[in-house]
Amino acid sequence: METSSQNEKLSKYTLENKIIYTGFATYQDAENYAQSNNGKLAEVAFTDGNDNPAISSEANLLGSKKHFLVKAGPEYRFIHSTDPDFREYADHLQKRQSDLDKLSPEEKYITNAEIEVAEDPIIVLKNNEFESVTSRERSKYLKQANVYEIAVVLPAEN
């Protein structure tokens, strides 16, 4: 995996005779990238804690025009920063963070884990209760999650 920077941070994978880019901030960004680079949109899956994508259609990202989805069993829900419910949970977490700020350093850093995800946060719920905040990249390795992303596929450079 390589990372390149354009308007966003993209990850580049080479599989067989294809180059696959992931990490798009929105479905529209991926669509624009595909059009400007003569690529094709595809869905890729990262399964079994694996950082190598496989072409998939399991999450129907193309049909739903979503750019990211995590499935980790019925008790887990992953809420991406672009999901409509994210704001509600983020407000709750902000209040919780405000309460943490009132604690002494020992209470804050020893008994409570501070949330430290600066970019592209994902809120993880277990049985509809807050469990943690993670990132898109780290979600691939959590709870035996299957992570699905929209990707742009280009022919491999010769």
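Check the entry above for the structure.
All residue numbers refer to positions counted from 1 along the written sequence of the respective chain. Since the coordinates come from a predicted model, pLDDT governs what is reported: local features require at least 70, and pairs of side-chain atoms require 80 or more to be given and counted, while whole-chain, interface and lining totals use all residues. Side-chain descriptors were evaluated using all non-hydrogen atoms of the structure, hydrogens and water having been removed beforehand.

A. Quick look at the sheet that holds strand β7 (residues 76-80). The three strands lie next to each other as β7-β8-β9, forming an open sheet whose pairing is antiparallel. The two strands at the open ends of the sheet, each matched to only one other strand, are β7 and β9 (129-135). In this sheet, adjacent strand axes meet at a mean angle of 25° when their direction is disregarded. Whether two strands pair comes down to DSSP finding at least two bridges between them. Strands are runs of DSSP state E lasting at least two residues, helices are runs of H or I lasting at least four, and both sets are numbered from the N terminus onward. With axes taken as lines fitted to C-alpha atoms, and helix axes fitted only over the stretch in contact, angles between N-to-C directions fall between 0 and 180 degrees.

B. Region of interest: the pairing of β9. In terms of strand pairing, strand β8 (residues 121-126) meets β9 through six bridges, oriented antiparallel. Residue pairing for β9: Leu-125 is matched across the bridge by Phe-130. What sits between the antiparallel neighbours β8 and β9 is a turn of two residues, in which Asn-127 has the positive phi angle 50°.

C. Highlighting the packing of aromatic side chains. Stacked, edge-to-face and tilted labels apply to pairs of Phe, Tyr and Trp rings (six-membered ring for Trp) whose centres lie within 6.5 Å, assigned for plane angles under 30 degrees, over 60, and everything in between, in that order. Under the criterion given, the structure shown has three aromatic pairs. Consider the rings of Tyr-13 and Phe-46, whose centres lie 5.7 Å apart with planes at 55°: the pair is tilted. Separated by 33 residues along the polypeptide, Tyr-13 in strand β2 (residues 9-15) and Phe-46 in strand β4 (residues 40-46) bring together distant segments of the chain. Take Tyr-13 and Phe-46: they sit in the same class, and that class is buried. Any Lys NZ or Arg CZ that is within 6 Å of a ring centre and within 35 degrees of that ring's normal is treated as a charge sitting over the ring. One residue, Lys-140, lies across the ring of Phe-46, its end atom 3.8 Å from the ring centre. Categorising residues by exposure relies on relative accessible area from a 1.4 Å probe, with only protein chains included: less than 20% of the type maximum marks a residue as buried, more than 50% marks it as exposed, and the intermediate range marks it as partly exposed.

D. Representation of unusual backbone geometry within the structure. Phi at Glu-16 takes a positive value of approximately 50°, unusual for a residue other than glycine. Within the secondary structure layout, Glu-16 lies in the loop between β2 and β3 (18-22). The class for Glu-16 is exposed, based on a relative accessible area of 76%. Although it is not a glycine, Asn-60 sits at a positive phi angle of roughly 55°. In this structure, Asn-60 sits in the loop between β5 (54-56) and α2 (61-64). What makes Asn-60 partly exposed here is its relative accessible area of 44%.

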